[in-house]
Amino acid sequence: MGKRVLIVGGDAAGMSAASQVRRANPGLEVLVLERGEHVSYGACGIPYYVSGEIPAAEDLVALTPEDLARRGIEVRLGHEVTEVKPGARQVTARTADGRQPSLRYDWLVLATGAEPVRPAWPGVDLSGVVCLRGLGEGIALRRWVDEASGSRAAVIGTGLLGLEMAEALARRGIHTTLVGRAGQLLSAFDPEAVAPLAAALQAVGVELALGREVTGFTGASGRVKAVTTTVDEISAELVLLALGVRPGTGLAREAGIGLGRTGAIAVSERMKTDAAGVYAAGDCTEVTHVVTGERVFSPLALTANRTGRIAGDNLAAESLGRVSGQRFRGTAGSTVAQVAGFTVASTGLTPDQARTAGFEVAVFSREGRSRAAYYPGGTPLHTRIAVDRRTRRLLGAQMVGQEGVAGRIDVFAAALFGRMTVDDVYHLDLAYSPPFGPVYDPVIEICGRAGLEL
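Calculation rules
- Once a new chain begins, its residue numbering starts again from 1 and follows that chain's sequence as written.
- The predicted nature of this model means local features are confined to residues of pLDDT at least 70 and side-chain atom pairs, given and counted, to a pLDDT of 80 or more, with totals for whole chains, interfaces and linings taken over all residues.
- No hydrogens and no water enter the side-chain calculation; it runs on all heavy atoms of the structure.
- Numbering of helices and strands starts at the N terminus; helices are DSSP runs of H or I of at least 4 residues and strands are runs of E of at least 2.
- As defined in this context, the radius of gyration uses C-alpha atoms, and a globule is described by 2.2 Å times the residue total to the power 0.38.
- Burial here depends on accessible area, computed with a 1.4 Å probe over protein chains only, as a share of the maximum for the residue type. Under 20% is buried, over 50% is exposed, and the range in between is partly exposed.
- Whether two residues touch is decided by their heavy atoms; if any such pair falls within 4.5 Å, the residues are in contact.
- All accessibility values rest on the Shrake-Rupley procedure with a 1.4 Å probe; residue burial counts only the protein chains present in the view.
- In summary, the pairing rule links any two rings of Phe, Tyr or Trp, Trp by its six-membered ring, whose centres are within 6.5 Å, and it sorts them by plane angle into stacked for under 30 degrees, edge-to-face for over 60 and tilted for everything else.
- Put simply, buried Ala, Val, Leu, Ile, Met, Phe, Trp, Tyr and Cys residues joined by side-chain atoms within 4.5 Å make one nonpolar core.
- A strand pair is defined by DSSP finding two or more bridges across the two strands.
- In this analysis, axes come from line fits to C-alpha atoms, helices being fitted only over the stretch in contact, and the angle between any two N-to-C directions falls in the range 0 to 180 degrees.
- Think of a 1 Å grid over the protein atoms and nothing else: a 1.4 Å probe that fits but is trapped marks a cavity, an open set flanked by protein within 12 Å on at least five of seven lines marks a pocket, and residues with an atom within 4 Å of a point count as lining.
- Grid points are joined across faces, edges and corners, and a volume is the space filled by probe spheres set on the points.
- Basically, the charged four are Asp, Glu, Lys and Arg, the nonpolar ten are Ala, Val, Leu, Ile, Met, Phe, Trp, Tyr, Cys and Pro, and anything else, Gly included, counts as polar.
- Salt bridges are counted wherever a side-chain nitrogen of Lys or Arg sits within 4 Å of a carboxyl oxygen of Asp or Glu.

### Re the overall build of the chain
Scanning the chain for helices and strands turns up 12 helices and 25 strands. For the chain, the C-alpha radius of gyration of 23 Å lies close to 22 Å, the compact-globule estimate for 454 residues. In terms of principal-axis extent, the alpha carbons of the chain reach across some 70 × 60 × 40 Å. Looking at the chain residue by residue over its 454 residues, the buried ones come to 52%. Restricting to contacts in the chain with at least 6 residues of sequence separation, those with at least 24 account for 62%. Summed over its atoms, the accessible surface of the chain is roughly 19,700 Å², and 48% of this surface lies on carbon and sulfur atoms.

Quick look at the structure:
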């Protein structure tokens, strides 16, 4: 009997691990167990599928189980792993028809992802109170939207997912209210930077209900009818909870596999856990932050794909009696999203996070232009950076604008990985042409200003 690699979870991290194992050691049997009905799909595209910009759910699927089988990777859908026994190198699964097969493994990869936060509010179990856990939930939500034009929905949570989903629903003709506890959208950003974004969301039909604490839900015949808050009651036939995620670590915890300071699975830079033959990758793990050097929970798409590939490469190398050169070198937590015609992006630490981490923080904000002042079509571009006063090192950056944001936030992200000071960034030789930015690009300009004022 050949050596078997068993992977729990068939999305970004799990499929990246499976593919890399197959490439690095074709002699291993690779078996993926997925509790849902879809694998290898673009979860970040679900808001655009709900909005109709992406016509079909199949457009989000990179590889089907049949595609993977042709590559030598077996996928079993509808298999929810309920127990892991590291000592026996065995897992137990539960299938839709009630079977509970036990499966052996020589190496195991836990890619169990993250779980949406679902507070225990009164009425939270009413039909119509939903989370976006994966493509299956996205398909169900799209079906509801297709049939419910003119209905009312509430989105709870003013982070990036909440903003994306509120816009998607409103653009489909759903009367949508965005509910948030804070008094502004994206509370970690400058209020003046996100004020135009709030106005743009209202312009596409999103009603903002900010500064409200949700206390529960009311319903009739088992179906949600309204969101109750400390201020008012908001009618809604559908409520989408977009309150963040926590690492999916139930299997690891019950198996005695070590968790880290964040509550996610503790792994080495090669994605090994403290259990023999067990690796973990993706949103269920904690990784190192490049600015602080501390372990963090960073549930991001690139991190999931990259850690999955690294886990697969190291596992395959171990099976061949070798040591892989692949290791995870850290995250800056870089994010970018498109909302109501604006791009919102951040990388590194917010000012509050930097202070908590022990840095002596200086904050600089500037409003520049996306193009040269004389070139038509330019729009305002708001930038904020956090800097360590003692070392002048860049600690984090945020940007909001209608164009030219994504490439610039990537410059800041690269600077964080290079541990660059604002003076180093100021002296970068960035490309210039009037349609793309001023001679002194907003990245250079704000770092130059910081250098003068520190």
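### Here's the deal with the packing of aromatic side chains
By convention here, two paired aromatic rings are described through the distance between centres and the angle between planes. A full pass over the atoms with the stated rule returns one aromatic pair. Note on Trp-121 and Phe-217: the rings are 5.9 Å apart at their centroids and 65° apart in plane angle, and the pair reads as edge-to-face. Placement of Trp-121 in the loop between strand E8 (114–116) and strand E9 (129–131) and of Phe-217 in strand E13 (residues 214–220) is noted, with a sequence separation of 96 residues between them. Overall, the relative accessible area of 7% leaves Phe-217 in the buried class.

### What about the nonpolar core?
The biggest cluster of nonpolar side chains holds 48 residues, and the ones touching the most others in it are Val-84, Val-91, Leu-108 and Leu-110. The dominant element in this core, judged by the number of residues it contributes, is helix H1 (residues 12–24), at five residues. If we skip the residues at most four places from it in the chain, Leu-110 touches Val-8, Val-84, Ala-252, Ile-257, Ile-265, Val-278, Tyr-279, Ala-280, Ala-281 and Cys-284.

### Concerning unusual backbone geometry
The phi dihedral of Arg-392 is positive, around 70°, even though this residue is not glycine. Tracing the backbone through its elements, the reader meets Arg-392 in the loop between strand E24 (380–388) and strand E25 (394–401). Taking relative accessible area as the criterion, Arg-392 reaches 24% and is therefore assigned partly exposed. Its identity is not glycine, yet Arg-419 carries a phi of approximately 50°, on the positive side. Mapped onto the elements of the fold, Arg-419 is located in the loop between helix H10 (406–417) and helix H11 (422–426).

### Overview of the environment of Thr-215
Note on placement: Thr-215 falls in strand E13. Judged by relative accessible area, which is 36%, Thr-215 ranks as partly exposed. In this structure the C-alpha to C-alpha distance between Thr-215 and Val-8, which are 207 residues apart in sequence, comes to 36 Å. In contact with Thr-215, other than residues within four places in its own chain, are Trp-121, Pro-122, Thr-228, Thr-229 and Thr-230.

### Notes on the sheet that holds strand E3 (residues 73–77)
Judged by pairing direction, the sheet is parallel, and its five strands sit side by side in the order E3-E2-E1-E7-E18 without closing on themselves. Lying at the two open borders of the sheet, with one neighbouring strand each, are E3 and strand E18 (278–280). Across the sheet, the axes of successive neighbouring strands diverge by a mean angle of 20°, strand direction being ignored. Across four bridges, strand E1 (residues 4–8) lies against strand E7 (residues 107–110) in parallel orientation. By the bridge assignment for E7, Leu-6 is matched with Leu-108. Against the sheet, H1 contacts E1, strand E2 (29–34), E3 and E7, and its axis sits at roughly 170° relative to E2. The strands touched by helix H8 (residues 301–319) are E1, E7 and E18; relative to E18, the strand with the most contacts, the crossing angle is about 165°.

### Some words on the layout of surface pockets
Estimated volume of the second largest pocket: approximately 220 Å³. Mapped onto the lining of the second largest pocket, the elements with two or more residues apiece are H10 and helix H12 (442–453). Of the residues belonging to the lining of the second largest pocket, the class tally is 10 nonpolar, four polar and two charged.

### As for the pattern of salt bridges
Going through the model one piece at a time under the given rule, you end up with 24 salt bridges. Put simply, Asp-190 and Arg-384 hold a salt bridge, and the shortest N to O gap is 2.7 Å. Of this pair, Asp-190 sits in the loop between strand E11 (175–179) and helix H6 (191–203) while Arg-384 is found in strand E24, placing the two residues 194 residues apart along the sequence. When sorted by exposure, Asp-190 lands in the same class as Arg-384, which is buried. What emerges from the salt-bridge pattern is a single network uniting Lys-3, Arg-104 and Asp-106.

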